[in-house]
Amino acid sequence: RLYKLAPRFSKRVNRSNIYAVARDFEKAREFKKARGYYQKIIKQKKYSFALKIKAFNRYRTSFKVERNLDEFILQTEAMVRFIGKKRSGSPKNEEFKKAYTTSMIDWARAVWTDHRRGEAREKLTRLINSKIEDPENEALIYWLLGVMAIEGKKHRLALDHFEKGNTFDIEDTDLKEKIHWAIGWTYYLQKDYKKAAGFFDTTYHQYDAGGFRNKLHFWAGRSYKKAGESSKATNTWEELLSVDSYGYYGILTHMELGKPLSPLDPGKDQSKNPEIEILEWLIALKETKLSHAFLKSFQKTLVSPSAIKDHLNLFKKAGYYEGGIKNFFKLKGEDRERAMRSHLGSAFPRPYKRSVNRAARKFKISPYLIYSISRQESAFNPSIRSWADAFGVMQMTPERAVILSKRHRVPYNKVGDLFHPKTNILLGTSLLRELKNKFQNKFIATVAGYNASERVVKVWYRQRYNGDPIQFIEMIPYKETQNYVKLVFRNFITYKRLESKDQFLVKSDIFKKF
């Protein structure tokens with residue numbers, strides 16, 4: 001059992017467990033040992049090509065986890081050369097060809113992340129000219145080239161790339177959405193607002209209900225407004241509010257229409273909350289881990305929207321906030337909109353109140369922001385650990401914790417301390433205070449800086465910000481950070497509504513100073 005949970009303690013390392021052993025050493029931050037085993041897989045002939053690539057990907061990524069970007073890029077290049085040799089020896093081997101294309105794209109993206117756009121573009125152009133005969137990857141490359149062209153403010157070239165990408169038969173829904181969005185967005189950036197509105201509106205009808213549809217609908221409204229068609233803009237936004245009054249684009253729509261947001265009642269949770277005897281005993285006996293394990297298993301039986309809604313309160317009752325949030329967002333469309341009115345306690349819980357309020361007072365940070373960041377980082381799971389080696393409720397890295405603890409006199413001795421909400425929340429809030437000061441109270445920069453590095457956020461503002469904060473959010477190049485900013489903002493406004501007694505207007509100034 002121990003060896004299954006922690007393979008690095010295995011007395012015998014063989015073909016069947018060597019990758020698991022390496023991965024476990026990496027998770028334990030024993031990078032040298034992990035890389036030693038990854039290298040054995042890569043170099044020894046007895047391992048399959050698929051496992052070698054899997055090991056090489058972890059080998060290079062381990063440097064990224066260790067915050068060594070230069071070595072990560074060098075090892076990504078080494079992986080390209082390794083696969084390139086295999087492909088040269090067997091040019092018709094489809095597995096080698098596919099792996100080479102994927103690794104080249106990874107290399108270009110890594111170089112681009114290091115602000116070497118020209119070099120990244122040259123690699124992708126060379127790849128596309130080599131006739132890779134892979135529709136999905138070809139479409140992806142054209143999309144990447146288009147995004148790079150937008151970054152260089154070459155909108156006509158960008159549109160050419162996006163339209164080429166759109167000619168391929170793409171099964172990947174995410175990539176299809178990216179290309180469709182990019183075409184409409186390029187029209188918008190070119191200030192061809194009529195074309196943008198038409199494209200957003202037409203594309204909107206090609207998708208089922210969901211976040212991407214709401215995004216298209218919001219920007220169709222904004223494009224109509226920019227084109228001087230105010231009544232069309234208003235009608236579009238009113239239609240959006242009927243399906244998304246709580247989401248990011250719903251909140252922006254309230255802002256655009258000048259409509260106040262009403263307070264929300266956190267005590268409206270109307271779950272039927274059927275009593276499950278085993279769970280009640282586990283909660284009563286304070287068997288937290290076992291009650292969470294029980295709910296993890298039990299949630300598999302919740303397949304219908306009504307079953308999910310009837311049992312949502314159990315997750316909050318057991319302190320398994322992550323499960324409650326996850327199950328709430330399994331609900332789609334109207335089911336979610338209706339559930340939002342009656343299950344806010346499950347969708348937006350507020351645990352660790354004493355720790356949050358203490359940190360808020362100490363560092364003069366809004367408790368709404370602490371809850372919003374914590375919900376997005378960990379769903380309030382104090383035991384979580386990310387792939388990037390961030391720990392606990394506010395996902396603090398050990399390296400940063402050491403610096404912050406000394407600077408702000410927060411007691412911290414070892415990595416395990418980050419699993420304690422009190423310590424983690426104090427450290428996370430101290431970082432928010434520093435970011436807020438550095439970015440002069442700018443909401444977007446503070447939140448983006450928490451997710452990405454402060455250095456890249458400054459570059460984004462310098463290169464992309466034109467005075468419109470809502471437009472700027474859509475231009476954040478890291479998709480993860482872009483979504484993060486949107487969701488934290490949604491959380492922030494929702495938590496504010498939960499605490500408010502009166503309705504209030506959200507103005508765009510909130511993005512510039514909060």
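Above this note sits the structure.
The structure displayed is predicted, hence computed values, not measured ones.

Undergrad: Could you give me a rundown of the overall build of the protein, with the residues and numbers involved?
TA: Helix and strand content of the protein: 29 helices and 0 strands. Its C-alpha radius of gyration of 25 Å places the protein within 12% of the 24 Å reference for a compact globule of 514 residues. Principal axes of the C-alpha set define a box for the protein whose edges measure 70 × 65 × 50 Å. In the protein, which comprises 514 residues, the proportion classed as buried is 53%.

Undergrad: Could you give an account of the layout of surface pockets, with specific residues and numbers?
TA: Estimated volume of the second largest pocket: approximately 1100 Å³. Gly 210, Gly 211, Phe 212, Asn 214 and Arg 336 are, among the 38 residues lining the second largest pocket, the residues nearest its centre. Taken together, the elements giving at least two residues each to the lining of the second largest pocket come down to α10 (173-189), α12 (211-226), α14 (248-257), α19 (333-342) and α28 (479-499). The leading source of residues in the lining of the second largest pocket is α19, at 7 residues. Split by residue class, the lining of the second largest pocket holds 13 nonpolar, 8 polar and 17 charged.

Undergrad: Would you mind going over the pattern of salt bridges in detail, with residue names and values included?
TA: Taken as a whole, this structure holds 34 salt bridges when the rule is applied. The partner of Asp 24 in a salt bridge is Arg 8, with the nearest N and O atoms 3.0 Å apart. Highlighted residues: Asp 24 in helix α2 (residues 18-27) and Arg 8 in the loop between α1 (2-5) and α2, separated in sequence by 16 residues. Overlapping salt bridges, with partners in common, bring together Arg 29, Arg 385, Asp 389 and Glu 399 in one network.

Parameters at a glance
- Residues numbered from 1 in each chain as written.
- Predicted model: local features only at pLDDT ≥ 70, side-chain atom pairs only at ≥ 80, totals over all residues.
- Heavy atoms only, no water.
- Helix = DSSP H or I, 4+ residues; strand = E, 2+ residues; numbered from the N terminus.
- Rg over C-alpha atoms; globule rule 2.2 N^0.38 Å.
- Buried < 20%, exposed > 50% of the residue type's maximum accessible area, 1.4 Å probe, protein only.
- 1 Å grid on protein atoms, 1.4 Å probe; cavity = no way out; pocket = protein on both sides within 12 Å on 5 of 7 lines; lining within 4 Å.
- Points joined across faces, edges and corners; volume = space filled by probe spheres on them.
- Nonpolar A, V, L, I, M, F, W, Y, C, P; charged D, E, K, R; others polar.
- Salt bridge = Lys/Arg side-chain N within 4 Å of Asp/Glu carboxyl O.

Scope: geometric values only; no functional claims are made or implied.
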